[in-house]
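The primary structure of each chain is shown beneath.
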Amino acid sequence: MEPRSELIEMPGEWNLRWLYAAGEVGTRYITELRDHARIMATKCTECDRILVPPQTYCERCFVSIKDNWVELEPKGTLEVFTIVNTQFPGQRKPPFVLGYFRIGGASANIPHFLEGIDLSDIDKAKREIHVGMPVRVVFREKREGRLSDFYLEPIKK
Amino acid sequence: MARRVAVVGTGQTYFMTRRKDASAPELVYEATTRALQDAELSVKDIDSVVFGIAPEAFMGVNCPDKWVSDGAGALNKPFFRVHTGGATGGSAVIAAVEQVASGVADVVMAVAMDRVGQTPVAQRVLGLIWDPIFAMGLSLNLITVTAMLNARMMEKYGYTEWHTAKLASKNHKNALNNPYAHLKVDVSVEDVLNSPVLSWPIKLLEVCPSSDGACAVIVATEEKARKITSTPAWVNGMAGYTYVTTPGNEDLDPERYVSFDVRKAYRSAGIDNPRQQIDVCEPYMPFSFSEIGDYVQLGFAKDMKEAIKMVEDGFGEMSGEIPFAPSGGVLCTNPIGCTAMVRVAEAAIHIMGKGEKRQVPGAKVALATGRGGSMAPASATFSNAFILAKEPR
């Protein structure tokens, strides 16, 4: 028998840093969130799809759309969701609701957190949340130029 | 295709969370030598080598291609790496088949390796595959995103957690017949339903593991293939495809979404009635619920209502109409950049009649698929499909 328990594993760690270039379109998106508390999208000049997060080009028509901006009304619908119940390394402490949302008549969905749901009983919570439920965008008072400058919450009837 | 191409040999390592007994080049060497033995070839018979691996951060060594190329048998030969996320292993086979079909090589070896288990924080690596401006920092990972797709499909089409648990139990039982499978646990539907909820509605026993291991597939021209083996698995159809979408978009719903790659592979293989013509499937199904949508997207069910009934009737079980993932599938073994190649290898194994306890008796036509991507803003999904058959087209 091989002495498997004696096989060596060398510990290693990657400790790297980056400065991610947002580009002109990404810069405007983030700046608009921070300075004007509004969600901006770009609209394709050929197929009329409204892309959010804003895209520099329409991948279908393959034309530049970086100067064709539209402001999205800060409400929409929940399109998919999950109730995260596990601590994934480096990610938010559970439980929380993660979803993709269709905002202001856009043609794509954006991922974000759905706040304002009581998660003390997950079975109860999952009956409260449903595809198509109306949501509003809530901007934080103090905004830092991050996606966390806003979140979504249900529009109570 | 310009020239007929066949799979003439396959090799897999044993898969587990941490293969402490082998370095990365040793894992590659283990798979390539098994494939060469299977085809009864020597490394001298290989004209060219293609290598696939997913993000380096799983293994923690950058540019692994230069590290493993000698173990892949590439000394003094053309060698390159391909990467399309979870579809990598399939893309590597496509690159190998295209070399043979086009006439630039006669015998090509594709090999893929990954060590997802070498880092204890694999989901953290997967937390870093998103657009850093538009999507990072939102706790997205492949479990949470897939859970969302499942929740939407459950609500829209009315299947329940029992249906997905039934499929998970089936795949886990299948893995018991596969000597190379990573997870080998005999679990019942109740065990799956009672396993911890990771990200509702997905539970622990419905999620693929992080696996270490490698796989190799050797492809050859018709002339060489007929000399090498009496049971070549002919690549009658093959296609790759790229699409951009986000979860919740209607084009992702199984009844709307067209698997262009699968349809193209069917067309070139002459398959117009997959349910009659295909004997076994090894689709890329990393989560239990993937199989329900696949029944529609791969052309076995006309809609989701029928697909749900097929789950209840055991359509994809070993004793069912068309076995889905006799190997236990991706649910039981997921060395990410290697996984789609295992699908092709397993499909070939059925055609070659080498499946031993997991063999689908008399299989003449097999389907394999691969899929990789994150379905996030500004991010694509890659997919590929293969039809392997006993008779060339």
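## As for the interface of chain B and chain A
Stage number 1. Facing the 37 residues of chain B at the interface are 41 residues of chain A.
Stage number 2. Secondary-structure elements contributing two or more residues to the side of chain B that touches chain A are helix H4 (122-126), helix H5 (142-157) and strand S5 (197-200) of chain B.
Stage number 3. When residues of the side of chain B that touches chain A are assigned to their parent elements, the largest contribution, eight residues, is made by H5 of chain B.
Stage number 4. As paired elements, strand S6 (residues 75-84) of chain A and S5 of chain B share two bridges and run antiparallel to each other. By the bridge assignment for S5 of chain B, Val84 of chain A is matched with Ser199 of chain B.

## A look at the sheet that holds strand S2 (residues 50-51) of chain A
Strand pairing in a sheet relies on backbone hydrogen bonds, with the paired strands running either antiparallel or parallel.
All names here are of chain A.
Stage number 1. If you trace the three strands from one edge of the open sheet to the other, you get S2-S1-S5, paired in antiparallel fashion. The open sheet is flanked by S2 and strand S5 (69-72), the only strands paired with a single partner.
Stage number 2. The sheet contact formed by strand S1 (residues 39-43) and S2 spans two bridges and is antiparallel. Each bridged residue has a counterpart across the sheet, and for Thr42 the counterpart in S2 is Leu51.

## Digging into the nonpolar core
All names here are of chain B.
Stage number 1. Counting 173 residues, the largest nonpolar core has Val111, Val217, Val219, Met341 and Leu388 as the members making the most contacts within it.
Stage number 2. Top element by residues in this core is helix H14 (residues 336-352). It accounts for 12 residues.
Stage number 3. Residue contributions to this core reach at least three from each of two domains, namely domain 1 (5-121 + 211-228) and domain 2 (138-206 + 234-388).
Stage number 4. Residues within four places of Met341 in sequence aside, it is in contact with Gly52, Gly89, Gly90, Ala92, Val93, Ala110, Ala112, Cys215 and Val217.

## A few points about the sheet that holds strand S2 (residues 48-52) of chain B
All names here are of chain B.
Stage number 1. The nine strands lie next to each other as S3-S2-S4-S7-S1-S8-S11-S10-S9, forming an open sheet whose pairing is mixed. One side of each edge strand has no neighbouring strand; the edge strands of this open sheet are strand S3 (79-82) and strand S9 (280-282). Pairwise comparison of adjacent strand axes, ignoring direction, gives a mean angle of 25 degrees for this sheet.
Stage number 2. Bridge count between strand S1 (residues 5-12) and strand S7 (residues 212-221): seven bridges; the pairing is antiparallel.

## Brief notes about the packing of helix H3 (residues 88-102) of chain B against H14 of chain B
All names here are of chain B.
Stage number 1. Running from N to C, H3 and H14 point in directions that differ by 60 degrees, and their axes come no closer than 5 Å. As the angle between them shows, H3 and H14 are arranged oblique. Contacts between H3 and H14 involve Thr88, Gly89, Gly90, Ala92 and Val93 from the first element and Gly337, Cys338, Thr339, Ala340, Met341, Val342, Arg343 and Val344 from the second.
Stage number 2. A per-class count over the contact of H3 with H14 returns seven nonpolar, five polar and one charged.

## Concerning the domain arrangement of chain B
Residue and element names in this part refer to chain B.
Stage number 1. Examined at the domain level, chain B breaks down into domain 1 (5-121 + 211-228) and domain 2 (138-206 + 234-388).
Stage number 2. One C-alpha centre belongs to domain 1, the other to domain 2; they are set 23 Å apart.
Stage number 3. Elements supplying a minimum of two residues to the side of domain 1 that touches domain 2: S1, H3, strand S4 (107-115) and S7.
Stage number 4. Per-element accounting of the side of domain 1 that touches domain 2 gives the leading share, eight residues, to H3.
Stage number 5. Partitioned by chemical class, the residues of the side of domain 1 that touches domain 2 number 22 nonpolar, 13 polar and two charged.

## Overview of the packing of helix H11 (residues 290-297) of chain B against helix H12 (residues 304-313) of chain B
Residues and elements named next belong to chain B.
Stage number 1. Following both chains from N to C, one finds H11 and H12 inclined at 125 degrees, their axes separated by 9 Å at the closest point. Here H12 runs oblique to H11, going by the angle between their axes. Seen from above, H11 lies across H12 with right-handed handedness. Across from Ile292, Tyr295 and Val296 in H11, the residues of H12 making contact are Met304, Ala307, Ile308, Met310 and Val311.
Stage number 2. In the contact of H11 with H12, the residues fall into eight nonpolar, no polar and no charged.

The rules behind these values
Residues numbered from 1 in each chain as written. Chains lettered and ligands numbered in written order. Predicted model: local features only at pLDDT ≥ 70, side-chain atom pairs only at ≥ 80, totals over all residues. Contact = placed C-beta atoms within 7 Å. Helix = DSSP H or I, 4+ residues; strand = E, 2+ residues; numbered from the N terminus. Pairing = 2+ DSSP bridges. Core = buried A, V, L, I, M, F, W, Y, C linked by C-beta atoms within 7 Å. Buried ≥ 20, exposed ≤ 12 C-beta atoms within 10 Å, placed from the backbone. Domains from an automatic or database assignment. Axes fitted to C-alpha atoms, helices over the stretch in contact; angles between N-to-C directions. Parallel < 35°, antiparallel > 145°, perpendicular 65-115°, else oblique. Nonpolar A, V, L, I, M, F, W, Y, C, P; charged D, E, K, R; others polar. Left-handed = near helix turned anticlockwise from the far one by under 90°.

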